[in-house]
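Tertiary structure, described
The primary structure of each chain is shown beneath.
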Amino acid sequence: MTDQPGWAAPEGDAPRQQPPLSSDWAAQQPPPGAGYGGQPPQPQPTYGTPGQPPAQRGWGGPPQGDWGGPPASGWGPAATWAPPKPGVIPLRPLGVGEILDGAISTIRANPRLMLGLSAIVAVATQLVTVPITWLLLHDVGNSSFSFDQPSTTGQGDFTLTAGALSASAIQALVTLIATLLLTGVLTVALSRAVLGQSVAAGDAWAAARPRLLPLFGVTLFVLLIEIGVAVVALAPGILLLVLGAPGAAGGLVLAAGAIAWLCAGIYLYVSFALAPAITVLEKQGVVASLRRSHRLVKGAWWRTFGILLLVNVIAYFLNGVLSVPFIVGSLAVAWAVGGSDNVNPYAIAPLLVTAVGTIIASAVTWPFTAVSSALIYVDRRIRREALDLELARAAGYTPQGQSATPGTPLQGTPTAEAPRYGDQPAPPYGG
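Reading the values: the criteria
- Residues numbered from 1 in each chain as written.
- Predicted model: local features only at pLDDT ≥ 70, side-chain atom pairs only at ≥ 80, totals over all residues.
- Heavy atoms only, no water.
- Patch = residues over 30% accessible without salt bridge, like charges linked within 9 Å, V, L, I, M, F, W, Y side chains within 5 Å.
- Areas by Shrake-Rupley, 256 points an atom, 1.4 Å probe, with all protein chains shown as cover.
- Salt bridge = Lys/Arg side-chain N within 4 Å of Asp/Glu carboxyl O.
- Helix = DSSP H or I, 4+ residues; strand = E, 2+ residues; numbered from the N terminus.
- Buried < 20%, exposed > 50% of the residue type's maximum accessible area, 1.4 Å probe, protein only.
- Core = buried A, V, L, I, M, F, W, Y, C linked by side-chain atoms within 4.5 Å.
- Contact = heavy atoms within 4.5 Å.

A look at a nonpolar patch on the surface
Taken together, the side chains of L220, L223, L224, I227 and V231 present a nonpolar region at the surface, about 460 Å² in accessible area. Turning to its location among the elements, I227 is positioned in helix α6 (residues 212-242).

Concerning the pattern of salt bridges
Inspection of every chain in the model, using the stated rule, returns eight salt bridges. E282 is paired through a salt bridge with R381; the nearest N and O atoms lie 3.3 Å apart. Placement of the pair is E282 in the loop between α8 (275-281) and α9 (286-297) and R381 in helix α11 (residues 348-385), with a sequence separation of 99 residues. Relative accessible area serves as the criterion here: at 6%, E282 is assigned to the buried category. In this structure, the salt-bridge partner of R383 is D379, at a minimum N-O distance of 3.0 Å. Separated by four residues within a single helix, R383 and D379 lie in helix α11, roughly one turn from each other. If you follow the salt bridges from partner to partner, you end up with E282, R292, R381 and E385 in one network.

Describing the nonpolar core
Formed by 57 residues in total, the largest nonpolar core has its most connected members in L190, V194, L375, Y377 and V378. The biggest single contributor to this core is α11, with 11 residues. Contacts of V194, omitting those with residues within four sequence positions, involve P86, G87, V88, I89, L91, L375 and L391. Core analysis: the second largest hydrophobic core is formed by six residues, V222, F272, A275 and L290 among them.

Structure (structure tokens):
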């Protein structure tokens, strides 16, 4: 959201270096070897030794104290301040646990928007999908799940499969549209929560609404890319089987193509995972968002993959825990309504019970996954572009008597009584 300081992409989309120190800042620092106020320095957590590669600094290497090793000569005394935390995350590179905790803290900070809006969207989704599922499958279910009738024929199996696939496709499409709408609004809310601000649902919707069309475009473009990769990977094996090649050879080529499709699909999913947040917060176009997401993830693909995998595993587990009781309840209702000889899970009563469970599970998992993905984007920009400095200025972390001016380095005299962000320079963050 570029009307707020800090979210605009840097010019040239290149990693931004730490701004140089001003002469005023240097003149205000105590001499080497002296602590603040002329007192002997006390051991304090530091960022690490400058000049070392990222893996050896306090952020990426093994912990030494709280943040890293002792400072080298020229960095001045050890800092007595901690990175500011105006909102749900500290303004510094984030660990995996801090990303997950930040997502939960964002939900807890604004439950009406996060959980309430997610529940409303989930209810709207079920109001569309439940009637369609019932129309497609209730008659098939009456025959397919009956215990006092002969087993279903091949035609009956085909009808059941076709109906189930149609219902699943419609449900997936409706859910995709709903989650995209929700992602836009929740990403706006997260951008405010990082700065310690709250936002009303109406304001978040007003900010996200102009970005919904590009958001749909990003999703559609990624989907088309994935389909294209699938066609290229699977077509040789299918073609061999159609042309009458030996089954073993065709099957081997098809299996190799499926593995290649899976690997390429995962790679593209991770590479483009930050595109929705970029589309909403930076107001980039479809292709520009995808390219920028790829550049932000580059150099940290495995880390991003691991965090996304963990987030989705947690969401899947939560969805199962919250949904299973209602699935069992729907079967019990189907048994009670149809009797032991005709258990139809696609009758209206079981579908309604399942829908309640889906609404509850979606209201929890949707905001968790959306906010976690947005926080991965924030972390990548902090590490690559020093976004934390811009966010600190936007949150008002400046020395007393000075104002926050975007684009200028924070400076001032550090004090033990009121440590402020920017009292000591942070090393440039590596990818």
